Amino acid sequence: METLELKEKVHDETRQGEPFAPIAVETDIYKKKFYIESYGCAMNFADSEIVASILSHEGFGATKNFEEADLILVNTCSIREKAEATVRKRLTEFKKAKLAKRGMLVGILGCMAERLKGKLLEEEKLVDLVIGPDAYRTLPALIQEAESGQKGVNVLLSREETYGDISPIRLDSNGVNAFVSIMRGCNNMCSFCVVPFTRGRERSRDTFSIINECSELFKNGYKEVTLLGQNVDSYYWVDEQKDLVVTFAKLLEMVANISPLLRVRFSTSHPKDITDEVLFTMAKYENICKYVHLPVQSGSTRLLQLMNRTYTREWYMAKVDRIKEIMPDCSITSDIIAGFCTETEEDHQDTLSIIEYSKYDMSYMYFYSERPGTLAARRFTDDIPLAVKKRRLDEIVKLQNRLSQRSYSADIGKTFKVLIEGNSRKSEDDWAGKSSQNKVVVFPKADYNLSKGDYVQVKVTNATGATLLGEIVK
Ligand code: SAM
Ligand code: SF4
């Protein structure tokens, strides 16, 4: 049980439920204050930055203290039952704040809003606004309605909305790395997943608005962009006037060409869509990070079929081989689900062996949580007892921890180019940054006159299962 909690934290580690505000909060110039908390995937965190931008045009400035806010927003996740339960619990804390401050509004954004729609207003009496991921432009009108005492709901999904023209306000940024949304929605229909229902059909954002946003970020001192989408490799944008077709590989190349000093990452790749063209583009550009998040979900071909993942065990393993063949130094990470419907011990062993085969540097690991409305919920029985799911997850976690430990230890003695992101969490005398492989590297500042956003060569002298420790080499 302890291990499960530990791993939940690994997933949550970065920012789950973290309050957000821009680095410099110029509250004086704003008439009102909003507080926003985000849960779930990086897409949600990026969406909160779009919401912040929309709100700033309405005279709202961000605060990190929800008690003083005029508007509390919770950007929610529906991917597992637990994610929704966390938000429900949090709402009870906002209830007290709302009672204490007249006129305060509480809004639910994101996937939970989309999944539960008006039902949320009935179930959670304190909620004034319910807004789905494609309806953020209507926030100002809905706030006005809510201010006049009418509850506001807009959960319409769109086939076109990409918020391409909205410049996100970077919230809680370290000024070094930023997320850039390149597409929205998902057409994949993995049977366990609620995302196609909560985020709608897949659509790609205008290439030029992406390039502009990344160039602006670079001009403003950012050194790393992560291109975001549920399935980035199926990015596809056509400019009929210019007779231009942009695939994901082409987009990667265009972003990489902004400057060799701008690092490019992306997430997430569906194994079926990551092409040789993408892999060769990654290999060609030093500034495209050698890191692929390639969720396997299960190692059993039978289960992969039930999950509607459209690849087999062997096909996935060949993809891992191909990545390593084209980029021997590339790090691969994964998402894994334990205890999906009908999973046998043999299927579970197949999952363990594919993890071993793929030698993931890290994985996000979950036990299956049935989501209402998904294909799996309609077609299959959630028949694996919770205790079995947890035991299998525990075995997966232990194996992954061993592999991570092995992978990080194998880096001892090697030198990596590290992008400095800021002080290490433990000491102001140490920098923390990341290697191209997305591994955290911590090292003493020593007498070098370096700053956040600088690149530096670091020789690894020691390692834990999640951090490399090293020293600067001249
Ligand atoms: N689009 C990405 C992909 O296909 O890899 C991931 C999207 S989803 C937000 C992140 C992860 O949550 C999935 O890869 C999967 O492992 C996990 N997940 C999704 N639905 C789940 C469910 N019903 N129960 C447990 N885990 C789930
Ligand atoms: Fe969900 Fe599958 Fe789409 Fe990922 S690819 S968001 S797991 S349906």
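Within every chain, residues take consecutive numbers counted from 1 along the sequence as written. Whichever chain is written first is A, and whichever ligand is written first is 1; the rest continue in order. Two thresholds apply to this predicted model, a pLDDT of at least 70 for residue-level local features and 80 or more for giving and counting side-chain atom pairs, whereas whole-chain, interface and lining totals are computed over all residues. Here the side-chain values reflect all heavy atoms present in the structure, with hydrogen atoms and water set aside.

A.B. asks: Would you explain the overall build of the protein in this entry?
C.D. replies: Summing up its helical and strand segments, the protein has 15 helices and 22 strands in all. Projecting the C-alpha coordinates of the protein onto the three principal axes gives extents of approximately 65 × 60 × 55 Å. Note on exposure labels: buried denotes an accessible area under 20% of the residue type's maximum, exposed denotes more than 50%, and partly exposed covers the range between, all computed with a 1.4 Å probe on protein chains only. A buried classification covers 56% of the 474 residues belonging to the protein. Taking the contacts inside the protein whose residues are at least 6 apart along the sequence as the reference set, 72% of them involve residues at least 24 apart. When the accessible area of the protein is evaluated, it comes to approximately 20500 Å², of which 51% is carbon and sulfur surface. Secondary structure elements are taken from DSSP: a helix is a run of H or I of four residues or more, a strand is a run of E of two residues or more, and numbering for both begins at the N terminus. Whether two residues touch is decided by their heavy atoms; if any such pair falls within 4.5 Å, the residues are in contact. Using a 1.4 Å probe, accessible areas were evaluated by the Shrake-Rupley method; residue-level cover was limited to the displayed protein chains.

A.B. asks: Help me understand the sheet that holds strand β22 (residues 467-472), please; the structure alone is not making it clear to me.
C.D. replies: Strands pair in a sheet through their backbones, by hydrogen bonds, and they do so in one of two ways: parallel or antiparallel. When DSSP finds two or more bridges between a pair of strands, those strands are recorded as paired. In spatial order, the strands read β18-β19-β20-β22-β21; together these five strands close into a barrel with mixed pairing. Across the sheet, the axes of successive neighbouring strands diverge by a mean angle of 55°, strand direction being ignored. Pairing geometry for strand β19 (residues 430-434) and strand β20 (residues 440-444), over five bridges, is antiparallel. Within β20, the position partnered with glycine 433 by the bridge is valine 441. To get an axis, a line is fitted to the C-alpha atoms, and for a helix only the part in contact is used. The angle between two axes follows their N-to-C directions and goes from 0 to 180 degrees.

A.B. asks: Could you clarify how one ought to interpret the pattern of salt bridges in this entry?
C.D. replies: The term salt bridge refers to a side-chain nitrogen of Lys or Arg lying within 4 Å of a carboxyl oxygen of Asp or Glu. Counting across every chain of the model gives 39 salt bridges. Between glutamate 84 and arginine 115 there is a salt bridge, with its nearest N and O atoms 2.7 Å apart. Within this pair, whereas glutamate 84 is found in helix α3 (residues 81-100), its partner arginine 115 is found in helix α4 (residues 111-116), the two being separated by 31 residues in sequence. Here glutamate 84 falls in the buried class, since its relative accessible area comes to 6%. Where salt bridges share partners, they join Asp47, Asp134, Arg184, Arg199 and Arg203 into one cluster.

A.B. asks: Could you clarify how one ought to interpret the pairing of strand β21 (residues 455-463) in this entry?
C.D. replies: Note on strand geometry: in a regular strand, side chains alternate between the two faces of the sheet. Bridge analysis of strand β18 (residues 415-423) against β21 gives five bridges, and the strand direction is antiparallel. Bridge pairing in β21 links lysine 417 to glutamine 457. Note: β21 against β22, five bridges, orientation antiparallel. In the sheet register, asparagine 462 faces β22, and the bridge partner there is leucine 469. Between β21 and β22, which follow one another and run antiparallel, lie three residues.

A.B. asks: So what exactly am I meant to see when it comes to the sheet that holds strand β11 (residues 224-228) here?
C.D. replies: If you trace the three strands from one edge of the open sheet to the other, you get β8-β11-β14, paired in parallel fashion. The open sheet has two edge strands with one neighbour each: β8 (177-181) and β14 (263-267). For this sheet, the mean angle separating the axes of adjacent strands, direction not counted, is 25°. Taken together, the five bridges between β11 and β14 define a ladder with parallel strand orientation. Counterpart to glutamate 224 in the pairing with β14 is arginine 263. The sheet contacts of helix α2 (residues 42-56) involve β8 and β11, and relative to β8 the element is tilted by about 90°.

A.B. asks: What is the right way to read the site of ligand 2 from this model?
C.D. replies: In the region of ligand 2, the neighbouring residues are Cys186, Asn188, Met189, Cys190, Phe192, Cys193, Val195, Pro196, Gln230, His270 and Arg309. Three classes are used, and their members are as follows: Ala, Val, Leu, Ile, Met, Phe, Trp, Tyr, Cys and Pro are nonpolar, Asp, Glu, Lys and Arg are charged, and the others, Gly among them, are polar. Of the residues belonging to the shell around ligand 2, the class tally is seven nonpolar, three polar and one charged. For this description, a residue counts as near a given molecule or strand if any of its non-hydrogen atoms is within 4 Å of it.

A.B. asks: Teacher, can you tell me more about helix α9 (residues 248-256) here?
C.D. replies: An α-helical turn contains 3.6 residues, so any two residues separated by three or four positions project in the same direction. Of all the nine residues making up α9, seven are buried; the element is thus mostly covered by neighbouring parts of the structure. Listed in full, the buried residues belonging to α9 are Phe248, Ala249, Leu251, Leu252, Glu253, Val255 and Ala256. Contact partners of the buried residues in α9: α8 (207-219), β11, β13 (244-247), β14 and α10 (276-284).

A.B. asks: What am I meant to see in empty space enclosed by the protein here?
C.D. replies: Remark: the empty space left among the atoms is shown by a probe the size of a water molecule rolled over them. Here a cavity denotes a set of grid points, spaced 1 Å apart and computed over the protein atoms alone, in which a 1.4 Å probe fits but from which it cannot get out, and a pocket denotes an open set meeting protein on both sides within 12 Å along at least five of seven lines; residues with an atom within 4 Å of a point are reported as lining. Grid points are joined across faces, edges and corners, and a volume is the space filled by probe spheres set on the points. Under the criterion given, the structure shown has two cavities of 30 Å³ or more. Taken as a whole, the largest cavity spans an internal volume of roughly 70 Å³. Lining the largest cavity we find 13 residues, and of these Ile50, Pro168, Ser181, Arg205 and Glu213 sit closest to its centre. Of all elements in the fold, only α2 and β8 reach the threshold of two or more residues within the lining of the largest cavity.

A.B. asks: Please explain the site of ligand 1 as it appears in this structure.
C.D. replies: Near ligand 1 there are 15 residues, and of these Gln230, Pro295, Gln297, Asp335 and Ser369 occur at the shortest range. Take glutamine 230: an N or O atom from its main chain is 2.7 Å from a nitrogen atom of ligand 1. Residue arginine 309 places a side-chain N or O atom 3.4 Å away from an oxygen atom belonging to ligand 1. For ligand 1, whose accessible area on its own is 570 Å², the fraction buried by protein is 92%. If you list the elements that add at least two residues to the shell around ligand 1, you get β16 (331-338) and β17 (362-367). For the purposes of these results, a polar contact is taken to be a pair of N or O atoms within 3.5 Å, where, inside protein, one atom must be able to donate a hydrogen and its partner to accept one; residues adjacent in sequence count only when each atom of the pair is a side-chain atom.

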